Amino acid sequence: MGHGSSKSSSSDDKISRISKLTEKLHLHHRLHRPRSNASTSASHNKILAAEDFTGIALLTLIGAEMKFKDTWLVCVSLGEQTFRSGISDQTDKPIWNSEKKLLLERNGPHVARISVFETNRLSKNNLIGYCEIDMLEFLAKDSDSESEVVDLLDPASSDTVVGNISISCSVEDPIETEKSFAKRILSIVDYDDDGLLSFSEFSDLINAFGNQVAVNKKKDLFETADKNSDGVVSMDELASLLALQQEKEPLINCCPVCGELLEVADKLNTMIHLTLCFDEGTGNQVMTGGFLTDKQASYGWMFKLCEWGHFSSYDVGLNSGSSASHILVFDRKTKRLVEELIDGKIVLSMRAIYQSKLGLGLMDIGTKELLKSISEKQGRKMNSVESAKDIPKFLDFFMDQIKLAEVKYPLEHFKTFNEFFIRELKPGARPIASPEHDDIAVCAADSRLMAFNSAEDSLRFWIKGRKFSIQGLLGRDICSEAFVNGTLVIFRLAPQDYHRFHLPVSGTIENFVYIPGSLYTVNPIAVNSKYCNVFTENKRVISIISTAHFGKVAFVAIGATMVGSITFSKKEGDVVKKGDEFGYFSFGGSTVICVFEKDAIQIDEDLLANSARSLETLVSVGMRLGVSTRK
């Protein structure tokens, strides 16, 4: 019998076997998880309650039919994880047969975005088509077919079909998951492939788990596992031991694949973590993981070559200044990380200005006036008839981020670029959360949101500007003690966003205060700079809204580079309803900040949790913001 082959092993042989085991585990880690483990932590380290566990889905991307020949790759994004296939042959009918196991939670992310890229470009790969699959709905379908064909939509127009992709998806039974995990573990130390573990092989396995208590009890554990006393441990016996011990006294303290500490003595969470880490698939290609977005996963080699200048260029959040060359935000609707589009040359110029003493020194000796002059000039240009020709180029650059179907008027209605920039949306395009409940506040803009219970929290997690304060933001005449210690919500608008801002609460507008200032960019590169104070130095308009449920709310509209004007559609004394349009920003990107009085609002937990990670949340007008805490 194969299990007898290790009975007379010498000490050197044992050390050699353990070294080979460690090497095999780390080789598996390099093959299947070669990137940053940022997404690993997000998916594995979270403690999952049994009632929230839906299952582990095996998603297989089989192949596609496209409208032209090329070499193709496909990415799938779910939550904060993205995986990519290998590259197909030159064809219009690529075959990948790439698969990945994904954790599904009852209240977690379950809409998977599948993106198909052509890969014949040196600098980047082009997104040609995509689809979004609600995994829970997909798995609930009654179908005799093992696969399903789904249309791929043009990212520039969701009404246009550019091809189709064949996918299959199934849920692994938790008991089968546990057995298959035990089988994979057994196969690693089953040196003679007989499906059984001798005591020597079992000892190597316990050593690999890194639990010193278990190492000292190997003989007792072996006897516990060997239920039929035949001197070997079978797959079923190993699975039973792992399940039993994980509930009593865990054998595995550290995942041997990714190195994460398994701190919770919980059978379900450990089983999920180790199953995903040890995933060997079903014989098809296992998709490469560790990416944060499909754009990151699809980059070409030339971009990677150029990326040496942007150390730590991919990370979740911006913790101390914006050294990152990419801005990642969490889409609240799809529960997925997305990358904000921004021209690379603009990134470099902003970093040169806002992330150095020299750059801000230039600001102090005249660049502020230059920015103002440029903004005014650009504003005049965007109001000219000639500027309308820039609309198609603008739409092309932001092709996957502007939904024309939501816009109130067709493109030919807009005679200037600025008319399109301040476009209105169709009625109902932005549903208002709990419209009849004025004790629930809503988001004021289509934007990237940061929320903090206090200004102190905002300085710790996001704003690095010198001397930022609520008093500096609002001014002495408006700022009260309740505002100083109050809740801060920042809505950052990017150029591609709908640029009309709305009221987050119902109440009466008391007054408007206009504060002149600079026109720094509101990009995180500037906000996270320790050399300037974007929010307290920029041009801004402050309005105070008196409410029945939140006390007074300060609404601050902040101008920015290329934003020459802030226009309000309400006036002092108006009684307003949450969700009503309040005004708009002309061309550029800008920010709205709402300051609530201390202990007036409980911000929704997901918004606070993302902000504590220095991660902006992508929100839309009318989404729920929080609830009043006042009786």
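Residues numbered from 1 in each chain as written. Predicted model: local features only at pLDDT ≥ 70, side-chain atom pairs only at ≥ 80, totals over all residues. Heavy atoms only, no water.

With an unreviewed UniProt entry as reference, the protein is termed Phosphatidylserine decarboxylase proenzyme 2, source organism Acer negundo. Taken from UniProt, the Sequence similarities (unreviewed entry) comment for the protein reads in full: "Belongs to the phosphatidylserine decarboxylase family. PSD-B subfamily. Eukaryotic type II sub-subfamily." In its Catalytic activity (unreviewed entry) section, UniProt records this for the protein: "a 1,2-diacyl-sn-glycero-3-phospho-L-serine + H(+) = a 1,2-diacyl-sn-glycero-3-phosphoethanolamine + CO2". (UniProt positions renumbered as here; feature names shortened; annotations may be inferred.)

Novice: Honestly, the overall build of the protein in this entry has me stumped. Any pointers?
Specialist: Each helix and strand in the protein was counted, giving 21 helices and 26 strands. The 631 residues of the protein split such that 54% are buried. At a minimum sequence separation of 6, the contacts of the protein that also span at least 24 residues come to 72%. Split by element, the accessible area of the protein, about 27,900 Å² in all, is 53% carbon and sulfur. (Helix = DSSP H or I, 4+ residues; strand = E, 2+ residues; numbered from the N terminus. Buried < 20%, exposed > 50% of the residue type's maximum accessible area, 1.4 Å probe, protein only. Contact = heavy atoms within 4.5 Å. Areas by Shrake-Rupley, 256 points an atom, 1.4 Å probe, with all protein chains shown as cover.)

Novice: Which parts of the structure should I look at to understand the packing of aromatic side chains?
Specialist: The relative placement of two aromatic rings is captured by the distance of their centres and the angle of their planes. Under the counting rule described, the total for this entry stands at 18 aromatic pairs. Aromatic pair Phe394 and Phe398: ring centres 5.0 Å apart, planes at 65 degrees, arrangement edge-to-face. Here the two residues Phe394 and Phe398 agree in accessibility, since each one is buried. Geometrically, the ring pair formed by Phe417 and Phe421 is stacked, given 6.4 Å between the ring centres and 25 degrees between the ring planes. (Phe/Tyr/Trp six-rings, centres within 6.5 Å; stacked < 30°, edge-to-face > 60°.)

Novice: Help me understand the pairing of strand β26 (residues 624–628), please; the structure alone is not making it clear to me.
Specialist: Two faces, one strand: in a regular strand the side chains alternate between the faces of the sheet. The pairing of strand β13 (residues 440–442) with β26 spans three bridges and is antiparallel. In the sheet register, Val442 faces β26, and the bridge partner there is Arg624. In the sheet, strand β24 (residues 601–603) pairs with β26 via three bridges, with the strands oriented antiparallel. Residue pairing across strands places Ile601 opposite Ser628, the latter belonging to β26. (Pairing = 2+ DSSP bridges.)

Novice: Would you take a moment to explain the sheet that holds strand β11 (residues 327–331) for this structure?
Specialist: Note: strands within a sheet are paired through backbone hydrogen bonds, in either parallel or antiparallel orientation. Read across the open sheet, the ten strands follow the order β12-β11-β25-β14-β15-β23-β19-β18-β17-β21; overall the sheet is mixed. Each having just a single partner strand, β12 (336–340) and β21 (575–576) make up the two edges of the open sheet. As paired elements, strand β14 (residues 447–452) and strand β25 (residues 616–619) share three bridges and run antiparallel to each other. Bridging across to β25, Leu449 finds its partner in Thr617. Against the sheet, helix α21 (residues 605–612) makes contact with β11, β14 and β25, and its axis sits at roughly 90 degrees relative to β14, the strand it touches most. (Axes fitted to C-alpha atoms, helices over the stretch in contact; angles between N-to-C directions.)

Novice: What's the story with the sheet that holds strand β20 (residues 566–568) in this structure? I'm lost.
Specialist: Read across the open sheet, the three strands follow the order β16-β22-β20; overall the sheet is antiparallel. The strands lining the two open edges of the sheet, one partner per strand, are β16 (500–502) and β20. Pairs of neighbouring strands in the sheet enclose a mean axial angle of 25 degrees, with direction left out of account. Relative to strand β22 (residues 581–585), β16 runs antiparallel, the two being bridged by three bridges.

Novice: Please clarify how unusual backbone geometry should be interpreted in this entry.
Specialist: Trans peptide bonds make up the majority, and among non-glycine residues the majority have a negative phi. At Asn97, a position not held by glycine, the phi torsion is positive, near 45 degrees. Assignment of secondary structure puts Asn97 in strand β4 (residues 95–105). For Ser614, which is not glycine, the phi dihedral falls at a positive 60 degrees.

Novice: Is there a simple way to think about the pattern of salt bridges in this case?
Specialist: Opposite charge on two side chains allows them to pair when their charged atoms are near. Applying the stated rule across the entire model yields 18 salt bridges. Between Glu80 and Arg613 there is a salt bridge, and its shortest N-O distance comes to 2.8 Å. With Glu80 in the loop between β2 (72–78) and β3 (81–84) and Arg613 in the loop between α21 and β25, this pair connects stretches of sequence that are 533 residues apart. On the basis of relative accessible area, Glu80 is assigned to the buried category, the value being 12%. Of the charged contacts in the structure, one is a salt bridge between Asp574 and Lys571, with a shortest N-O distance of 3.3 Å. Residue classification places Lys571 among the exposed residues on the basis of a relative accessible area of 55%. One salt-bridge network, in which partners are shared between bridges, spans Arg113, Glu132, Asp294 and Arg336. (Salt bridge = Lys/Arg side-chain N within 4 Å of Asp/Glu carboxyl O.)

Novice: I tried to follow helix α5 (residues 199–208) on my own but got confused; where do I start?
Specialist: A turn of α-helix holds 3.6 residues, and therefore any two residues three or four places apart point the same way. Among the ten residues of α5, seven are classified as buried, and the element is accordingly described as predominantly covered. Among the residues of α5, those classed as buried are Ser200, Glu201, Phe202, Ser203, Asp204, Leu205 and Ile206.

Novice: Looking at this structure, how should I read the environment of Lys93?
Specialist: With respect to the element layout, Lys93 can be found in the loop between β3 and β4. Owing to a relative accessible area of 52%, Lys93 belongs among the exposed residues under this scheme. In this structure Lys93 touches Ala64 and Glu65, once residues within four positions along its chain are discounted.

Novice: Would you mind going over helix α14 (residues 390–397) with me for this structure?
Specialist: Listed as buried for α14 are Asp390, Ile391, Phe394 and Leu395. Looking straight down α14, one finds its buried side chains confined to an arc of 135 degrees; they lie on one side. Along α14, exposed side chains directed more than 90 degrees from the buried face belong to Pro392, Lys393 and Asp396. (Arc of directions from axis to C-beta.)

Novice: Hey, could you run me through the side chain of Arg84 in this one?
Specialist: Here Arg84 shows up in strand β3. Once residues lying within four places of it in the same chain are set aside, the contact partners of Arg84 are Leu73, Val74, Cys75, Met287, Thr288, Phe291 and Ala297.

Novice: When you look at the packing of α5 against helix α7 (residues 218–225) in this model, what are you seeing that I'm missing?
Specialist: Packed helices, taken two at a time, are described by the angle between their axes plus the distance between the axes. Where α5 meets α7, the axes come as close as 10 Å, and the angle between the chain directions of the two elements is 115 degrees. Along this stretch, α5 crosses α7, giving a crossing that reads as right-handed. For the pair α5 and α7, contact is made by Phe199, Phe202, Ser203, Ile206 and Asn207 and by Lys218, Lys219, Leu221 and Phe222, respectively. Of the residues contributing to the contact of α5 with α7, the split by class is five nonpolar, two polar and two charged. (Left-handed = near helix turned anticlockwise from the far one by under 90°. Nonpolar A, V, L, I, M, F, W, Y, C, P; charged D, E, K, R; others polar.)

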